[in-house]
Amino acid sequence: MNVRHVLVLPDRDTAEEVAREVVDRFGLPEEPQLVRDALAGEDDAEDAQWLVVLEDPNDRLDATALDELAADYDGWLEAP
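Since the structure is predicted, the reported quantities are computational estimates derived from the model, not experimental observations. (Residues numbered from 1 in each chain as written. Predicted model: local features only at pLDDT ≥ 70, side-chain atom pairs only at ≥ 80, totals over all residues. Heavy atoms only, no water.)

Asker: Kindly report on the pattern of salt bridges, identifying the contributing residues and their values.
Answerer: Pairing of side chains with opposite charge becomes possible as their charged atoms draw close. Considering all chains together, one arrives at three salt bridges under this definition. Among the ionic pairs, glutamate 55 bridges to arginine 4, the shortest N-O distance being 2.7 Å. Here the residue glutamate 55 occupies a position in strand 3 (residues 48-56), and arginine 4 occupies one in strand 1 (residues 3-9), the gap between them amounting to 51 residues. Judged by relative accessible area, arginine 4 falls into the exposed class, the value being 55%. (Salt bridge = Lys/Arg side-chain N within 4 Å of Asp/Glu carboxyl O. Helix = DSSP H or I, 4+ residues; strand = E, 2+ residues; numbered from the N terminus. Buried < 20%, exposed > 50% of the residue type's maximum accessible area, 1.4 Å probe, protein only.)

Pasting the structure below:
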């Protein structure tokens, strides 16, 4: 079962830091994908959230631990 986890972070720098932390903490073979998510109706890059997208083909990542990590950086784990 292929599971995808999406962490929502407030800015790019934070998303990059969380992506590195996820690799170190969970032993991922590669860095997760970063995606800019502009808020509805906002064109200003300052008003964008950043997503850290984690592919989890073996469903081995702990969603609670991911949510706690994101919360440490003022973010959250998007519900599936």
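Asker: Could you give me a rundown of the nonpolar core, with the residues and numbers involved?
Answerer: In this structure, Leu7, Val22, Phe26, Val52 and Leu54 are the most contacted members of the largest nonpolar core, which totals 18 residues. Top element by residues in this core is helix 1 (residues 12-26). It accounts for six residues. For valine 22, the contacting residues outside a window of four places in its chain are Leu7, Gly27, Leu28, Leu54 and Leu69. (Core = buried A, V, L, I, M, F, W, Y, C linked by side-chain atoms within 4.5 Å. Contact = heavy atoms within 4.5 Å.)

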